[in-house]
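Architecture at a glance
Listed below are the residues making up each chain.
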Amino acid sequence: TLNPNGYIREAALDWLVKNQSKGSKWFSVPNMTEEYVDLNVPLLLIRANDWVPEIKNKAYKYIKDILNEAPHSLLSYIDIIDWLQSSSRYDHASILVTIIDKLNQNCFDGLINNIAHANYKVARSSLNFVLKNSQTAGRIIAAARKCSDPNVRVGALKIAKEHLPKEKDRIKHRMLYIFLL
């Protein structure tokens, strides 16, 4: 899917989908190694930013299929989804809203757990997606405490500062101090 020729990229996308066993869920292909399975999702996400509209639209369709059948398979690649948000080639708002809504509905616990992910890009991207839901401040803070990335921890501190009751300032400041340790 990384070939400079658009026809080959399009054929590669079709091949990825065609080689899924009939009637099975996405990426539960028999006789394939885990490495092969793990490479499908990021390749589809990267092709969603293709400069050829036909390839981009086909990648969108396949991503939507994944969201309907196995949305959890996108969790490990949340950093690529976050990258799509900053892409200036296209406005990916339609697919990004669909992805974020589906992940929030079906995989919210996975997003929360990703905040403590070893890959700092996945942790930061997960935090960015979860921040849109202010009702989960306590869960975000708890997950961020497990993360070693300082940006994730500072982001969680900002949430704590905003969402703790104002009348409990002394407790809030003490908790923030403990959090930094």
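Residues numbered from 1 in each chain as written. Predicted model: local features only at pLDDT ≥ 70, side-chain atom pairs only at ≥ 80, totals over all residues. Heavy atoms only, no water.

1. Observations concerning the side chain of Ser 126
- Relative to the helices and strands, Ser 126 resides in helix α7 (residues 120-130).
- The exposure class assigned to Ser 126 is buried, which follows from its relative accessible area of 0%.
- With residues near it in sequence (within four places) discarded, Ser 126 still touches Ile 78, Leu 111, Asn 114 and Ile 115. (Helix = DSSP H or I, 4+ residues; strand = E, 2+ residues; numbered from the N terminus. Buried < 20%, exposed > 50% of the residue type's maximum accessible area, 1.4 Å probe, protein only. Contact = heavy atoms within 4.5 Å.)

2. So, the nonpolar core
- Of all hydrophobic cores here, the largest spans 43 residues; its most connected members are Leu 45, Ile 63, Leu 74, Ile 81, Ile 99, Leu 103 and Ile 115.
- Per element, the largest residue contribution to this core is seven residues, and it comes from helix α3 (residues 53-69).
- Those residues in contact with Ile 63 that lie beyond four places of it in its chain are Leu 44, Leu 45, Ala 48, Ile 95 and Ile 99. (Core = buried A, V, L, I, M, F, W, Y, C linked by side-chain atoms within 4.5 Å.)

3. Structural notes on the packing of helix α4 (residues 78-86) against α7
- At a minimum axis distance of 8 Å, the contact between α4 and α7 shows a crossing angle of 60 degrees. As judged from the angle between their axes, α4 and α7 are oblique. Read as a crossing pair, α4 and α7 show a hand that is left-handed. Contact residues: Ile 78, Asp 79, Ile 81, Asp 82 and Gln 85 in α4; Lys 121, Val 122, Ser 125, Ser 126, Asn 128 and Phe 129 in α7.
- Grouping the amino acids of the contact of α4 with α7 by side-chain chemistry returns four nonpolar, four polar and three charged. (Axes fitted to C-alpha atoms, helices over the stretch in contact; angles between N-to-C directions. Parallel < 35°, antiparallel > 145°, perpendicular 65-115°, else oblique. Left-handed = near helix turned anticlockwise from the far one by under 90°. Nonpolar A, V, L, I, M, F, W, Y, C, P; charged D, E, K, R; others polar.)

4. Concerning the packing of aromatic side chains
- As enumerated under the stated definition, the model contains zero aromatic pairs in all.
- The ring of Trp 51 carries the charged tip of Arg 9 above its face, separated from the ring centre by 4.3 Å.
- One cation-aromatic arrangement involves Lys 56 over Tyr 90; the distance from NZ or CZ to the ring centre is 4.6 Å. (Phe/Tyr/Trp six-rings, centres within 6.5 Å; stacked < 30°, edge-to-face > 60°. Lys NZ or Arg CZ within 6 Å of the ring centre and 35° of its normal.)

5. Some remarks on the pattern of salt bridges
- In this structure the tally under the stated criterion is six salt bridges.
- The closest approach of N and O atoms between Asp 14 and Lys 58, which form a salt bridge, is 3.0 Å. With Asp 14 in helix α1 (residues 6-18) and Lys 58 in helix α3, the pair connects residues that are 44 residues apart, well separated along the chain.
- Ionic pairing is found between Arg 124 and Asp 149, a salt bridge with its closest N-O pair at 2.6 Å. Taken together, the residues span a long stretch of sequence, with Arg 124 in helix α7 and Asp 149 in the loop between α8 (137-145) and α9 (150-163) at a distance of 25 residues.
- Since its relative accessible area comes to 9%, Asp 149 is described here as buried.
- Through salt bridges with shared partners, a single ionic network connects Arg 9, Arg 47 and Asp 50. (Salt bridge = Lys/Arg side-chain N within 4 Å of Asp/Glu carboxyl O.)

6. Regarding the packing of α1 against α3
- Between α1 and α3, the shortest axis-to-axis distance is 10 Å and the interhelical angle comes to 15 degrees. Between α1 and α3, the interaxial angle falls into the category roughly parallel. The crossing of α1 and α3 is left-handed. Between α1 and α3, the residues in contact are Gly 6, Arg 9, Glu 10, Leu 13, Asp 14 and Val 17 and Ile 55, Lys 58, Ala 59 and Tyr 62, respectively.

7. Examining the environment of Leu 67
- Mapped onto the elements, Leu 67 comes out in helix α3.
- Beyond its immediate stretch of four places on either side in the chain, Leu 67 contacts Leu 74, Thr 98, Ile 99 and Lys 102.

8. Quick notes on α1
- Taking 1.5 Å of rise per residue, 13 residues should cover 18 Å, and α1 covers 18 Å from first to last C-alpha, within 8% of that figure.
- If you check which residues of α1 are buried, you get Arg 9, Ala 12, Leu 13 and Leu 16. What you see down the axis of α1 is that its buried residues fit within an arc of 100 degrees, all on one side. Away from its buried face by more than 90 degrees, α1 exposes Tyr 7 and Lys 18. (Expected span 1.5 Å × (residues − 1). Arc of directions from axis to C-beta.)

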